[in-house]
Amino acid sequence: MRPEPGNRHVALAAVLGGVLLGSVDFLWIKYLPYAVGNLGNSSAVWAVAAFAFGCWVRSGRLRAAIGAAAVLVIAVPSYYVTAALVQGDDWAVLWAPTSLLWMCFGVLAGVLFGIAGVWTRGPGWRQVVGPALPAAVLFAEAGLEIRRIGEPDYGDDPVWDALIRLALGLLVLALAGRTNRQRALALVAALPLALAGLAAFLLAGFR
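On a predicted model such as this, the values are computed, not experimentally measured, just so you know.

**Here we look at the overall build of the protein**
- When helices and strands are tallied, the protein shows seven helices and zero strands.
- For the protein, the sequential pattern of α-helices and β-strands runs α-α-α-α-α-α-α.
- Against the 2.2 N^0.38 benchmark of 17 Å for 207 residues, the protein shows a C-alpha radius of gyration of 17 Å, consistent with a compact globule.
- Seen along its three principal axes, the alpha-carbon backbone of the protein occupies a region of about 45 × 45 × 30 Å.
- Considering the protein as a whole, with its 207 residues, one finds that 43% of them fall into the buried category.
- Sequence separation of at least 24 residues holds for 74% of the intrachain contacts in the protein that already meet a minimum separation of 6.
- Accessible surface for the protein amounts to roughly 10900 Å². Of this, 71% is attributable to carbon and sulfur atoms.
- Looking at charge distribution, the protein has the averaged site of its 15 positive side-chain charges lying 20 Å from that of its 11 negative ones.

Next up, the structure:
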């Protein structure tokens, strides 16, 4: 069993992880074909990144929450810096209100999903809810895509987006769960959480 990372390693990983996440996300969107490339536009994928960070930290909810939040916050300016360097985007977007808003969302998502990563190794209900949360947010995004099927602006394209997100949600459950029983219970828990997540997306203005 590998040793748990110390605080310095967690801090360094948060900075490097944030820079990497933001940069790779932009390049992913720009250079990979649809529908795989469209995953770069997925807020659920960033939530899963925060969850993975919490799993790596393994223990210490506060460390996982702060570290995962830092990853997502740092990823936002890293994304726009990469966009400015690669395709000449305006540097002013770094301090635009939308960027600050995404950083605020990053704090919230980082805290929630970072702790969920630690919960995956925890006792009782935590080991069920932990892996259920990242799967649920992927399922919720799939629900958004399903709602778009057949709309004039989207056509049938959302079918692939939905299928990819559903598959990723199941993959997260398979990888994060330690036993088949844990995976099955997490799947059951993920379904109502996904409905709640879909409602939250809609209330936040996602369509």
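**A few points about the packing of helix α4 (residues 97-119) against helix α5 (residues 126-148)**
- Packing of α4 against α5 leaves a shortest axis separation of 7 Å and a crossing angle of 135°. One element, α4, and the other, α5, form an angle in the oblique class. Crossing of α4 over α5 shows left-handed handedness. Mapping the contact onto sequence places L112, F113, A116 and W119 in α4 and R126, Q127, V129, G130, L133, P134 and V137 in α5.

**Observations regarding the side chain of Q182**
- Along the chain, Q182 falls in helix α7 (residues 180-203).
- Of the residues examined, Q182 reaches a relative accessible area of 3% and is grouped as buried.
- At 2.5 Å, the side chain of Q182 forms a polar contact with the backbone oxygen of Q127.
- If we ignore the near neighbours within four places in the chain, the residues touching Q182 are T120, Q127, P131 and G177.

**Details of the packing of helix α1 (residues 7-31) against helix α2 (residues 43-57)**
- Taken N-terminus to C-terminus, the directions of α1 and α2 make an angle of 155°; their axes are 12 Å apart at the nearest point. The pairing of α1 with α2 is recorded here as roughly antiparallel in orientation. Crossing of α1 against α2: the hand is right-handed. Contacts between α1 and α2 pair H9, V10, A13, A14, L21 and D25 from the former with W46, A49, F53, W56 and V57 from the latter.
- When grouped by side-chain class, the residues that make up the contact of α1 with α2 number nine nonpolar, one polar and one charged.

**As for a nonpolar patch on the surface**
- Together, Y34, I146, I149, V159, W160, L163 and L166 give the surface a local cluster of nonpolar side chains, amounting to about 640 Å² of exposed area.
- Residue contributions to the nonpolar patch peak at four residues, all from helix α6 (residues 157-176).
- Note on placement: L163 falls in helix α6.

**Quick look at the pattern of salt bridges**
- Under the criterion given, the structure shown has three salt bridges.
- Ionic pairing is found between R165 and E141, a salt bridge with its closest N-O pair at 2.8 Å. Of this pair, R165 sits in helix α6 while E141 is found in helix α5, placing the two residues 24 residues apart along the sequence. Per residue, the accessibility class of R165 equals that of E141, and both read buried.
- Where R148 meets E145, a salt bridge forms, and the shortest distance between an N and an O atom there is 2.9 Å. In this pair, R148 and E145 both sit in helix α5, three residues apart, roughly one turn of the helix.
- Exposure remark for E145: the relative accessible area of 6% places this residue in the buried category.
- Residues participating in the shared-partner salt-bridge network are E141, D161 and R165.

**Re the packing of aromatic side chains**
- As enumerated under the stated definition, the model contains five aromatic pairs in all.
- Ring centres of F26 and Y79 lie 5.6 Å apart, and the angle between their planes is 85°; this geometry places the pair in the edge-to-face category. In this pair, F26 sits in helix α1 while Y79 sits in helix α3 (residues 61-87), placing the two residues 53 residues apart along the sequence.
- Note on F26: relative accessible area 5%, which makes it buried.

Definitions and cut-offs
Residues numbered from 1 in each chain as written. Predicted model: local features only at pLDDT ≥ 70, side-chain atom pairs only at ≥ 80, totals over all residues. Heavy atoms only, no water. Helix = DSSP H or I, 4+ residues; strand = E, 2+ residues; numbered from the N terminus. Rg over C-alpha atoms; globule rule 2.2 N^0.38 Å. Buried < 20%, exposed > 50% of the residue type's maximum accessible area, 1.4 Å probe, protein only. Contact = heavy atoms within 4.5 Å. Areas by Shrake-Rupley, 256 points an atom, 1.4 Å probe, with all protein chains shown as cover. Lys, Arg positive; Asp, Glu negative; His and termini not counted. Charge placed at Lys NZ, Arg CZ, Asp CG, Glu CD. Axes fitted to C-alpha atoms, helices over the stretch in contact; angles between N-to-C directions. Parallel < 35°, antiparallel > 145°, perpendicular 65-115°, else oblique. Left-handed = near helix turned anticlockwise from the far one by under 90°. Polar contact = N/O pair within 3.5 Å; in protein donor to acceptor, adjacent residues only side chain to side chain. Nonpolar A, V, L, I, M, F, W, Y, C, P; charged D, E, K, R; others polar. Patch = residues over 30% accessible without salt bridge, like charges linked within 9 Å, V, L, I, M, F, W, Y side chains within 5 Å. Salt bridge = Lys/Arg side-chain N within 4 Å of Asp/Glu carboxyl O. Phe/Tyr/Trp six-rings, centres within 6.5 Å; stacked < 30°, edge-to-face > 60°.

Purely geometric numbers; function is a separate question.
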